[in-house]
Amino acid sequence: SVFLGNHAPPRVTGSIDRIHTLGFSEKRKYYYRLIIPLEKQLNFHFQIAETHFTTDLGYHSNTGTTAIINGESIQACCIHNDKKEYFLAIDSAVKQTFDEFAEKAHAVKIGMGYLSGFCAGNQGYFFAYTNKAMKEPEHFRCVALRDSIKSGYSPIYSNAYGYLHHNKRLAEKYYPLLRPVSLNEFSLLCEKIHNSLDFSSALMLMLESSVASLLFMPGGYAIALETLSDLVIDKKKLKLSPIKDKSVSRKIRKEILEVLSKNSSTISPDDLVTLHKRVEQLNQTTNKARLKAPFDLLTITINEEDLAILETRNDFLHGRVPDLTNAGAKRSTDRINKDLYYCSMRFYTLLNMLILKWIGYDNRVVNFPKIHEGFTQIRLDEEPFRQV
């Protein structure tokens, strides 16, 4: 699969998205290791519980972690060579096909990216071994990956001084209260990513939104929240409609349709069809109720500011920027940007609370609207780290 980009005889240049050694088969089972070169060290000490490992490069390190996906242990380590070049290594001690391993490695990579804010990408090297010791590879495959995402945001940070360095007394209060995601919780996160394309896509949308412009960031987070809401609610039958009793809802719709029928001679046929459709949707679940439902389901406490942000969902989908400080029609560009950023951070924090509670995490997330209130100029009576 070659894309020819330039034809200037006698030379032709092009690009490929993958290349492998002769004889490599995706269907044959091997012991696999994936190596991804990194532009910088992948540090997740304050986000994910670490595991100790020994490298083939001759040193010991604890910059590794482990995820159990459907009963299989997947190890991920950040390693470096003598030149201080860093690599993410992901491997498994289970013999399997290329696709089976690649999907699990992808899930771990996204899980680490979401929690650390650094999702490794660009290029990956899969090494295939015939024995569990993984000393001499039988084959390798080089593949193009989506670009690395280096975000400045991570949902949790167990070192309170990182965000509260300006307030030592407050940092001392929260330092003993915070912890990273445990190995069991990280495993459940990666397993959910592996087993659900929708969940995997929602996390990637969050990562991409975190490095997008302010025009796209809050809208991306709002869409991700809709996806997460549907996943958490799943097939649970929740009464989210404004009128809970179905018989009452039918009665009201019938009476409204009768009124329309009596006045139909004064309404154009096209408009009448439109009104009939709206009456049928009279008891439709509101966006606010749909987005709030998963928080109620997981017993996550949300406040009035959170509810206000949930109501802005339609604004962002229709290209409007909510006026959070009632600045009016003459709102400055600077105020608009601050409102966009505040909404982004509020959506992001709510998403993190939902995701982490869903995987069993019972600690605190970084409350970004509070952390950045100096910039947004929206003062909040909230804690810098919110209990999930």
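The structure we're discussing is the one just above.
The rules behind the values
- Sequence order as written defines the numbering, with residues in each chain counted from 1.
- The predicted origin of the model limits local features to residues at a pLDDT of at least 70 and limits the giving and counting of side-chain atom pairs to 80 or more, whereas totals for whole chains, interfaces and linings rest on all residues.
- Excluding hydrogens and water, the side-chain values take into account all heavy atoms of the structure.
- When DSSP finds two or more bridges between a pair of strands, those strands are recorded as paired.
- By the criteria applied, helices consist of DSSP H or I runs no shorter than four residues and strands consist of E runs no shorter than two, each listed in order from the N terminus.
- Each axis is a line fitted through C-alpha atoms, and for a helix only the stretch in contact is used; angles between axes span 0 to 180 degrees, taken between their N-to-C directions.
- Salt bridges are counted wherever a side-chain nitrogen of Lys or Arg sits within 4 Å of a carboxyl oxygen of Asp or Glu.
- Think of it in three bands: with a 1.4 Å probe and only protein chains considered, a residue is buried below 20% of the maximum accessible area for its type, exposed above 50%, and partly exposed in between.
- Each angle is binned into one of four classes, with values under 35 degrees roughly parallel, values over 145 roughly antiparallel, values of 65 to 115 roughly perpendicular, and all other values oblique.
- Put simply, a crossing is left-handed when the front helix is turned counterclockwise from the back one by less than a right angle, and right-handed when it is turned clockwise.
- In what follows, residue pairs with any heavy atoms lying within 4.5 Å of each other are defined as contacts.
- We call Asp, Glu, Lys and Arg charged. Ala, Val, Leu, Ile, Met, Phe, Trp, Tyr, Cys and Pro are nonpolar, and the rest, Gly among them, are polar.
- Residues enter a nonpolar core if they are buried and are Ala, Val, Leu, Ile, Met, Phe, Trp, Tyr or Cys, with the set joined through side-chain atoms within 4.5 Å.

Here we take up the sheet that holds strand E10 (residues 123–129). Pairing is antiparallel in the open sheet, where eight strands are placed in the order E3-E11-E10-E4-E8-E7-E6-E5. Looking at the sheet topology across the chains shown, the edges are occupied by strand E3 (18–20) and strand E5 (51–54). The average undirected angle you get between the axes of adjacent strands in this sheet is 25 degrees. Both E10 and strand E11 (residues 139–144) contribute to a ladder of six bridges, which runs antiparallel.

Throughout the structure, instances matching the rule amount to 25 salt bridges. A salt bridge links lysine 104 to glutamate 72; its shortest N-O distance comes to 2.4 Å. You can see lysine 104 sitting in helix H1 (residues 98–116) and its partner glutamate 72 sitting in strand E7 (residues 72–80), a full 32 residues away along the chain. Neither lysine 104 nor glutamate 72 differs from the other in exposure class; each is buried. With a closest N to O distance of 3.1 Å, glutamate 373 and lysine 370 form a salt bridge. You can call glutamate 373 buried: its relative accessible area is 13%. For lysine 370, a relative accessible area of 19% corresponds to the buried category. Among the ionic contacts, a cluster of salt bridges with common partners joins Glu226, Asp230, Arg290 and Arg313.

The next subject is the packing of helix H5 (residues 197–210) against helix H6 (residues 217–233). One way to put it is that H5 packs onto H6 with a least axis distance of 9 Å and a crossing angle of 160 degrees. Taken together, the axes of H5 and H6 lie roughly antiparallel to each other. For the pair H5 and H6, the sense of crossing is left-handed. Contacts between H5 and H6 pair Asp198, Phe199, Ala202, Leu205, Met206, Ser209 and Ser210 from the former with Met217, Gly220, Tyr221, Ile223, Ala224, Thr227, Leu228 and Leu231 from the latter. Split by residue class, the contact of H5 with H6 holds ten nonpolar, four polar and one charged.

Looking along a regular strand, one sees the side chains alternate between the two faces of the sheet. Of the pairings in the sheet, the one linking E3 to E11 comprises three bridges and is antiparallel in character. Paired with histidine 20 across the bridge in E11 is arginine 141.

Time to look at the environment of serine 158. Summarising the element assignment, serine 158 is placed in the loop between strand E12 (149–150) and helix H2 (161–164). Taking the C-alpha atoms as reference, serine 158 lies 9.0 Å from valine 365; in sequence the two are 207 residues apart. Once residues lying within four places of it in the same chain are set aside, the contact partners of serine 158 are His45, Phe46, Tyr175, Leu178, Arg179 and Pro180.

Of all hydrophobic cores here, the largest spans 92 residues; its most connected members are Val108, Phe186 and Leu189. Ranked by residues supplied to this core, first place goes to helix H12 (residues 333–358) with 13 residues. Excluding residues within four positions of it along the chain, phenylalanine 186 makes contact with Ile48, Thr65, Thr66, Ala67, Val108, Gly111, Met112, Leu115 and Val181. Core analysis: the second largest hydrophobic core is formed by six residues, Ile35, Tyr59, Cys77 and Ile79 among them.

On to the packing of H6 against H12, then. Two elements in contact, H6 and H12, have axes separated by 9 Å at closest approach and are oriented at 25 degrees. When the axis of H6 is compared with that of H12, the two are roughly parallel. Two packed elements cross with a definite hand, and for H6 against H12 that hand is left-handed. Residues Met217, Pro218, Tyr221, Ala222, Ala224, Leu225, Leu228, Leu231 and Val232 of H6 form the contact with H12, whose own contacting residues are Leu340, Cys343, Ser344, Met345, Phe347, Tyr348, Leu351, Leu354, Ile355 and Trp358. For the contact of H6 with H12, a count of residues per class yields 18 nonpolar, one polar and no charged.

Nothing here speaks to function; it is all geometry.
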